[in-house]
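One letter stands for each residue in the lines below.
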Amino acid sequence: MDEDTAEQTRRLVHHFYERLWNAWDDDAVDSVLAHDFSFRGSLGTETEGRDGWRGYRDALHAGSSDFRNELIDLVCEPGRAAARIRCSGTHTGALLGIKPTGKAFTYDVAAFFQTDGGLITKAWTLGDLDGLRKQLK
């Protein structure tokens, strides 16, 4: 397969956040994520495959029904990207083992992506869980 360009990688990462996360567009998953997509989420959970990622997304949505990602910075090369994300939402369900508080929260995330063949193959994210826990307690 042809190597992804930096612009293709940029579009994929934008779609990952805008369509898959912020719009909760399940139909877009297959056009953005590789079948064997490997994911490490900002809450520390690791998943394999599209359905594994969907499970993570749905669990996070259960903990915050209005969860959103704001793309702050994005640096792309062909097949690779690094991003700084600001996550926000309202604590409406169990999250990090903490019962719902109804509190609004924001936390920052560093995210790293690999792409191949026009799809995201890997994403590894690290979130400020200490800051999030402090806001939820």
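Computed from a predicted structure; not experimentally measured.

Reading the values: rules and limits
- Residues numbered from 1 in each chain as written.
- Predicted model: local features only at pLDDT ≥ 70, side-chain atom pairs only at ≥ 80, totals over all residues.
- Heavy atoms only, no water.
- Helix = DSSP H or I, 4+ residues; strand = E, 2+ residues; numbered from the N terminus.
- Rg over C-alpha atoms; globule rule 2.2 N^0.38 Å.
- Buried < 20%, exposed > 50% of the residue type's maximum accessible area, 1.4 Å probe, protein only.
- Contact = heavy atoms within 4.5 Å.
- Core = buried A, V, L, I, M, F, W, Y, C linked by side-chain atoms within 4.5 Å.

**Examining the overall build of the protein**
For the protein, the helix and strand inventory stands at four helices and six strands. Reading the helices (α) and strands (β) of the protein from amino to carboxyl end gives α-α-β-β-α-β-β-β-β-α. Taken against the 2.2 N^0.38 rule, which gives 14 Å for 137 residues, the C-alpha radius of gyration of the protein at 15 Å falls within 12% of a compact globule. The C-alpha extent of the protein, read off along each of the three principal axes, is 50 × 25 × 20 Å. Across the 137 residues that make up the protein, the buried fraction comes to 44%. Taking the intrachain contacts of the protein between residues at least 6 apart in sequence as the baseline, contacts between residues at least 24 apart amount to 55%.

**Here we look at the nonpolar core**
In this structure, Phe16, Trp21, Leu33, Trp53 and Phe113 are the most contacted members of the largest nonpolar core, which totals 35 residues. Considering each element in turn, this core owes the most residues, six residues, to helix α1 (residues 6-22). Those residues in contact with Trp53 that lie beyond four places of it in its chain are Phe16, Leu20, Trp21, Val29, Leu33, Phe37, Phe39 and Thr47.

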